[in-house]
Amino acid sequence: MKTSGIRSTLKEIGVSPVKTLGQNFLHDQNLARWIVDQAQITGQDYVVEIGPGLGALTKFLLEAGARVLAIEKDARLANFLRGHFDTERLEILNIDALQFDPRILFAHRSVKLIGNLPYNISSPLLSTFLRYPSPISLSVLMLQKEMAMRLSAAPRTRDYGALTLRVQLHRRVKYLRSVPATVFLPRPDVDSAVIRLEPRDPNEMPARNDELLLKLIRIGFSQRRKQLRKLLREHTTDWDALASALDINPNARAEELSLLQWIAFANYITPPPRQETCSTPDERFPVVDEDDRICGEAKRAEVHGNNLRHRAVHILIFNQAGEVYLQQRSRGKDLHPLKWDSSAAGHVTVGENYNETARRELQEELGVNLPLEKIFRLTASPRTDHEFICGYRGVVPGEVFPNKCEIENGAFLAPAVIDGWTSARPDNFAPGFLECWKAYRKMYPEPEKSIRPETFSAASDAASTV
Ligand code: SAM
């Protein structure tokens, strides 16, 4: 829309632009087309647009063939858009984008995020939409220029800081172009810029403890002018040895270290577990027949290499809000590395029964000891990696403490999110989990809004508490 069109439309729908909503409307059509081009939209894409306003970007997104979910807080603008674009490929949500749970977007295979963001909420918006695991495969965003420079900054620059590293840990960020205030009506007080964010392959960065890494970064940048040796002295007894091992200037400040050097720093202080110390290749599993009767035993590698039937447990741990903890398997696992899986799972070893294994695995993988309820059984098949599986569930009243040997990452997710994710992107999951989730949903098809521990006290024929 040209400036005259924007003025007359705003008048018609009774909107005088609100500064706190960042209502600056783009009137440069070429720039709008260029921004959409950067997202390389195809007909397969599901695009979420934040703050569509009068539809400057929406128009080109629809022309490119995408399905668009546009989230607009101002009801008058949302109503205008409903009347203006007559296509089933556009859905308009009249809500605050900060109230939207992006994880329901896992139900679509390819999701892109686009928007000329309202600048006063761009920081919380980015935190919400880019939180790991994120369903978004590409983002093209117009932001206040300072913010765009901070997100895309390189080491040893003024803009490089804790925010830069937090975002770049999981994403590659590219500063695409600066945008003057003159392309908007009304003109904002600040300049803008367009950036592109693409998720990194999880193997692109070395294994590390994110919690420790982000803590060190936060402390390191808390006083930018101070040397790290002073700020982080509590974390290492011999700073000079650390600096020499990492090949960094012993008097370095936070902004001098690249992301890889920060990771090396965290790993020097607390080395990530080495796979040799995590795996137990000599562990012996009972081998079973087609009726799950024990008929021998064999080493882990032999069982998996020869597809011998064996036994396993899968445990689903819920929080008080009824969300399920899913773990992302460690990158060092011999089977299905980096795939998403049940809260905890593992093999029955020689001399153990299913219930004993469930209790042990829960303690080993999530560091908790809880009452568990046995809820389903699966027969061994190629889809379960030849495992007879007993499924359990339990409720955790507080936190879980994932074992880094086993677990790369994890998150509590609503069952409806997992339904959408497993059906749109089954390749993200360990095959055994897909079977377990199907079995669980057969028994509990309704979303469980809130799960209280009492729910688990009643044992039935099909379910027993261990
Ligand atoms: N995309 C349009 C354009 O380029 O002309 C408008 C961009 S304008 C910078 C920001 C838009 O975000 C406005 O339409 C405003 O009403 C909307 N908005 C502001 N806060 C919002 C929020 N919390 N959730 C969703 N939309 C919001």
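All values derive from a computational prediction rather than experimental measurement. (Residues numbered from 1 in each chain as written. Predicted model: local features only at pLDDT ≥ 70, side-chain atom pairs only at ≥ 80, totals over all residues. Heavy atoms only, no water.)

Segmentation of the protein chain into domains returns domain 1 (3-203), domain 2 (210-269) and domain 3 (277-460). Of note, the centres of domain 2 and domain 3, computed from C-alpha atoms alone, are 38 Å apart. (Domains from an automatic or database assignment.)

Along helix H8 (residues 210-220), the residues classified as buried are Asp 210, Leu 212, Leu 213, Leu 216, Ile 217 and Gly 220. The buried residues of H8 occupy an angular sector of 165 degrees when the element is viewed end-on, so they sit on one face. In H8, the exposed positions that point more than 90 degrees away from the buried face belong to Glu 211 and Arg 218. Residues of H8 that are buried in the fold lie against helix H7 (162-168), helix H9 (228-231), helix H11 (259-269) and strand S18 (407-413). Where H8 begins, the capping side chain belongs to Asn 209, and its oxygen is found 3.0 Å from the backbone nitrogen of Glu 211. (Buried < 20%, exposed > 50% of the residue type's maximum accessible area, 1.4 Å probe, protein only. Helix = DSSP H or I, 4+ residues; strand = E, 2+ residues; numbered from the N terminus. Arc of directions from axis to C-beta. Contact = heavy atoms within 4.5 Å. Polar contact = N/O pair within 3.5 Å; in protein donor to acceptor, adjacent residues only side chain to side chain.)

Lining the immediate environment of the ligand, one finds 22 residues, of which Leu 26, Gly 51, Glu 72, Asp 96 and Asn 116 sit closest. Taking Gln 23, its side chain carries an N or O atom lying 2.9 Å from an oxygen atom of the ligand. In this structure, Pro 52 approaches the ligand through a main-chain N or O atom, which is 3.4 Å from a nitrogen atom. Alone, the ligand offers 590 Å² of accessible surface; in the complex the protein occludes 98% of this. (Near = heavy atom within 4 Å. Areas by Shrake-Rupley, 256 points an atom, 1.4 Å probe, with all protein chains shown as cover.)

On the secondary structure map, Leu 77 appears in helix H4 (residues 75-84). For Leu 77 and Val 15, which are 62 residues apart along the polypeptide, the C-alpha to C-alpha distance reads 8.2 Å. Once residues within four sequence positions are removed from consideration, Leu 77 is found in contact with Ile 13, Gln 23, Phe 25, Gly 53, Leu 54 and Glu 72.

So, about the pattern of salt bridges. Scanning the entire structure with this criterion turns up 33 salt bridges. Taking the shortest distance from any N to any O, the salt bridge between Glu 364 and Arg 360 comes out at 3.3 Å. Remark: Arg 360 and Glu 364 occur in helix H14 (residues 354-366); sequence separation between them is four residues, near one turn of the helix. For Glu 364, a relative accessible area of 38% corresponds to the partly exposed category. Classification of Arg 360 by relative accessible area gives partly exposed; the value is 21%. Taken together, the salt bridges that share partners define one network made up of Glu 352, Arg 360, Glu 361 and Glu 364. (Salt bridge = Lys/Arg side-chain N within 4 Å of Asp/Glu carboxyl O.)

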